[in-house]
Amino acid sequence: MSAIRSLAVATLILVLCGLPHSLLAASPNGKQQAGPGAQADLDVGRQAYVANCSRCHGLYATGGDGPNIQRAPITLGNDGVIKIIKNGVPGTMMTAFNLDDTQIGAIIAYIRSLGRRNEPPMPTRGDKVKGQTVYDGNGCAGCHTIDGQGGSLGPELTQIGSLRQPDMLRQTLLDPGNALPTTAPNRDRGKWVLYTIFRAVQRDGKVVEGMRVSESTFAIVLEDAKSNFHSLSKANLRSLEKEPRKTYMPSFKDTLSAAQLDDIVAYLSSLRDLSDTRNAQ
Amino acid sequence: MKAAKFFLSLLLFCLCSPSKASAQDVPYKRLLHSDTEPQNWFMYGGDYQSKRFSFLKQITPQNVVNLRPAWIYQRSRPGEMIEDSPVVVDGIMYIVEPPSTVTALDARTGLAIWSWTPALPRVVKVDGYHATSRGVAVLDDMVYIGTIDCHLVALDRKTGAVRWSVTLGDNKINYGLTAAPMAIDGKIIIGPSGSEDGVRGFIDAYDAKTGKRLWRLYTVPDPGEPGSETWGGGQILGGAAWNKGSYDPELNLIYWGTGNPAPDYNGDGRPGDDLYTCSLLAINPDTGKVKWYFQYTPHDTHDWDGTQVPVLFNASLDGKPRKLLSVANRNGFYYVLDRVTGEFVAGVPFVKETYAKGLDAKGRPIVLPNTDPGTEPVLVYPSNNGGVDWVSPAYNPLSKTFFVNAREMGAYFAKSKLPDKPLVVGTGMVMGGRGNSYLSGDDSYGAIRALDVTTGKRKWEFKMQAPSWVAPLATASNLLFSADDEGDFFALDSNTGKVLWHFRTGGSFISSDTRSSPITYEVNGKQYVEAADGDTFIAFALP
């Protein structure tokens, strides 16, 4: 797969699966890994990145209007990234930037500090084989798909280990309503929280509750807990309220032991299939 | 008797067949009196006052529910989203397909009559703006288009053949034309885009017949010229006048807005007000000289261009008749100015405003602390796209109501270190930072707002799912047309804001898909309303 195609696929995966804001907020900025000198460089890089690149590529290089570029320094090399920043990419919104070499170097260092997605899984305390048993035994497949098997109410998890860090997966299992994924940020519209549950009361008093699948000024489409879609005209609603923090995913805070939690996190972290399966024989 | 009959016939011919004659020609006089021909939509803003208002009354609040698509024209080439506001003259519609293709359509059927596409260079520089044109101008037997590679081209109105073409600026350093030109008596006036690379803004006037340049007005001074002292000795860059202006033929003044200084988000290198950026200029179109100026946003660091189209109107204030203009500006304030003198009359925020707590007696923003972009992002309302961006307002002179498509959105603003060396214009974007609109979509929205034209006081609002990029269109039958960002084209009662009709043209939940400016016209006694979504032009009519 070419570098560009890899980037495109990675971006597509992110757009489809969403990346939780809290994960973004928790993304490493180099503080844990770098020494004091390196830290100063990363701060400079972060400022330059935020100011120049984040509008299109997202605050953490995971993409927005522009592609995910977390792995760009790895796939293109420093020289490749420098060339793109200095010259732009003709025919795209990526224009040439008037930055000096120090700033560009700091930006690349910062992006490299973010690029964790395709590296070996971070060590986890659990046992992934046992974790699969926990997954199978707690009804997770009723809502989630892995390798083509499972339900569709929640996000597909086939590549979840590549998309989210173990700490984030743990947080989602314990407090899912506080870890809803979002769409990629959009310059004009911001980013939208996916799987947000709405409660709609129709003029006849009938109540429909479901996750927002799509919405416009005049209509909203909700998917209820049984995966039925409801197309509602806003003109026919008495009220339409968001139910913050509510989610169809239960918390496993009181149902899994600490060891089971470690195991299922280890299992989910091991799901890192980034291959393009569309053309697989 | 015979002679009398002949003269009577001649008189009758002259009185009864203006359409025959006018089909050949669109003299300045017809543009000047556009209100007397509501069947035509002569120019970008509808008329010289930029009211986006029509006296057509066939479509009413009572029957608008029956509005149906009459035809759809699909763009002939891929590219940026359509941002065009078409012109309609005598049954012919002139549209722009992005970036700079002019197509003449039969306005009754949508059938293409001719189409002209410029030979563009393989790579066109469009740093900081979209590769799309927002419309054409017509005068006499020609149609005028500003191309994305910065040429002003006159086309034969009947065939699309090129009559003349001039280059305004070098596209290699980021000059490009996205605005609709203005046609007045014998002159075509237009200004280019490009401030994001630091180009020096200007407004040009050309002889409509020959393309000879009549004057050029630079919007920012050379070092040593008046106004240069407001740049603190720094590089004087930007001020591109990239949208269209309005025209008062009696005062013989055109009113034209100017864009942001460069770099956009870091003003450290240009301490001072940075004249005449983010300003409105009142210009004598015969000489290109500025009669007065009004700066909306001194020392802008939020990319709040002052290029919004002003609406010209007359009103009585304190018992005195006044010639006024109003602007809903990107910085979030609604301004009323005396258009004879430039005096500030009134100003209030029309969106959530955290940059300034108000305007002082002269209309200068009273800026709040911690609103300048920081090395860490600072949240400011409105966003870098502003309370409104380039999208025009509408004005109903019968109800004295100003309509604006307001953007309720904030953004995180951050600045970056400036290069140590002076900027070489055209070598790339010199934003000096960024304004990131990363607030949750659910925390932002758009709204059509109806304001009292002299005070800015809100009469009503119609909320939309997301901030939208579609101009309102007002009619004498008390309708207001516009569209939301998801591609729903709608009609409101312009007295109340109540939704009367809507039609889904396309678009999606998570992306911005519609950026047009609807118009209305009449052919063979039937009124049409035209709206473009991202990829198609649609004309609606009653069955």
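Higher on the page you've got the structure.
Here is a short report on the structure shown in this document. (Residues numbered from 1 in each chain as written. Chains lettered and ligands numbered in written order. Predicted model: local features only at pLDDT ≥ 70, side-chain atom pairs only at ≥ 80, totals over all residues. Heavy atoms only, no water.)

All names here are of chain B. Positionally, Trp460 belongs in strand S31 (residues 458-464). For Trp460, a relative accessible area of 7% corresponds to the buried category. For the pair Trp460 and Trp231, spaced 229 residues apart in sequence, the C-alpha separation works out to 41 Å. Apart from residues lying up to four places away in sequence, Trp460 is in contact with Phe403, Ile448, Arg449, Ala450, Leu480, Leu492, Asp493, Ser494, Asn495, Thr496 and Gly497. Separated by 3.1 Å, the side chain of Trp460 and the backbone oxygen of Ser494 make a polar contact. (Helix = DSSP H or I, 4+ residues; strand = E, 2+ residues; numbered from the N terminus. Buried < 20%, exposed > 50% of the residue type's maximum accessible area, 1.4 Å probe, protein only. Contact = heavy atoms within 4.5 Å. Polar contact = N/O pair within 3.5 Å; in protein donor to acceptor, adjacent residues only side chain to side chain.)

All names here are of chain B. One open sheet accounts for 4 strands, arranged S7-S8-S9-S10; its pairing is antiparallel. Each of the sheet's edge strands pairs with one partner strand only, and the pair in question is strand S7 (137-139) and strand S10 (162-167). Averaged over all neighbouring strand pairs, the angle between strand axes comes to 20 degrees, with direction disregarded. In the sheet, strand S9 (residues 151-156) pairs with S10 via 5 bridges, with the strands oriented antiparallel. Pairing of Leu152 across the sheet is with Val166, part of S10. (Pairing = 2+ DSSP bridges. Axes fitted to C-alpha atoms, helices over the stretch in contact; angles between N-to-C directions.)

On to helix H7 (residues 128-137) of chain A. All names here are of chain A. Among the residues of H7, Gly131, Val134 and Tyr135 are the ones counted as buried. Taken around the axis of H7, the buried residues stretch over an arc of 100 degrees, which confines them to a single face. Exposed side of H7, more than 90 degrees from the buried face: Val129, Lys130, Thr133, Asp136 and Gly137 are the residues found there. In the core, the buried residues of H7 are packed alongside strand S1 (145-146) and helix H10 (258-269). With a side-chain oxygen lying 2.8 Å from the backbone nitrogen of Val129, the N-terminal cap of H7 falls on Asp127. (Arc of directions from axis to C-beta.)

So, on to H10(A). All names here are of chain A. Helix length check: H10, at 12 residues, gives a terminal C-alpha distance of 16 Å against a target of 16 Å (1.5 Å per residue), a fit within 8%. Counting buried residues along H10, 9 of its 12 residues qualify, which places the element largely inside the surrounding structure. Buried residues of H10: Leu261, Asp262, Asp263, Ile264, Val265, Ala266, Tyr267, Leu268 and Ser269, and no others. Buried-residue contacts for H10 involve H7, S1, helix H8 (160-163) and helix H9 (166-174). (Expected span 1.5 Å × (residues − 1).)

To continue, consider the interface of chain B and chain A. Each partner contributes residues to the interface: chain B has 55 residues there, and chain A has 36 residues. For the pairing of chain B and chain A, the buried interface totals around 3800 Å² over both sides, and the portion due to carbon and sulfur atoms is 50%. Across the contact surface, chain B and chain A share 2 salt bridges. Where Asp442(B) meets Arg212(A), a salt bridge forms, and the shortest distance between an N and an O atom there is 2.7 Å. Here chain B is connected to chain A by 7 residue pairs in polar contact (both at pLDDT 80 or more). (Buried area = accessible area lost by both parts, 1.4 Å probe. Salt bridge = Lys/Arg side-chain N within 4 Å of Asp/Glu carboxyl O.)

Before going further, it helps to examine the pairing of strand S3 (residues 197-202) of chain A. Residue and element names in this part refer to chain A. Along S3, 5 of the 6 residues are buried, which leaves the element largely enclosed by surrounding structure. The pairing of S3 with strand S4 (residues 207-215) spans 5 bridges and is classified as antiparallel. If you follow Arg199 over to S4, its bridge partner there is Glu209. Here S3 runs beside strand S7 (residues 237-242); their pairing, made up of 5 bridges, is antiparallel. Bridge pairing links Phe198 to Lys242 in S7.

Before going further, it helps to examine the side chain of Asp248(B). Residue position: Asp248(B) is located in strand S15 (residues 246-248). A residue is classified by how much of its surface remains accessible, and Asp248(B), at 4% relative accessible area, is buried.

All names here are of chain B. Read from one edge to the other, the open sheet built from 4 strands follows the order S19-S20-S21-S22, with strand pairing classed as antiparallel. Both outer strands of the open sheet, strand S19 (311-317) and strand S22 (344-349), are each paired with one neighbouring strand and no more. Shown here is a sheet whose adjacent strand axes are inclined to one another by a mean of 25 degrees, direction ignored. Sheet analysis places S19 next to strand S20 (residues 320-328), joined by 7 bridges and oriented antiparallel. Looking across to S20, one finds that Leu312 is bridged to Leu325.

The subject of this paragraph is the packing of aromatic side chains. This structure, assessed with the given rule, holds 34 aromatic pairs over all chains. Here Tyr49(A) and Tyr110(A) contribute two aromatic rings whose centre-to-centre distance is 5.4 Å and whose plane-to-plane angle is 50 degrees, an arrangement assigned as tilted. With Tyr49(A) in helix H3 (residues 36-52) and Tyr110(A) in helix H6 (residues 101-114), this residue pair connects regions lying 61 residues apart in the sequence. There is no split in this pair, since Tyr49(A) and Tyr110(A) are both buried. Ring centres of Phe489(B) and Trp501(B) lie 5.8 Å apart, and the angle between their planes is 90 degrees; this geometry places the pair in the edge-to-face category. Of this pair, Phe489(B) sits in strand S34 (residues 488-493) while Trp501(B) sits in strand S35 (residues 499-504), and the two are 12 residues apart along the sequence. The rings of Phe294(B), Tyr296(B), Phe333(B), Tyr335(B) and Phe344(B) are connected pair by pair, giving a single aromatic cluster. (Phe/Tyr/Trp six-rings, centres within 6.5 Å; stacked < 30°, edge-to-face > 60°.)

Nothing here speaks to function; it is geometry throughout.
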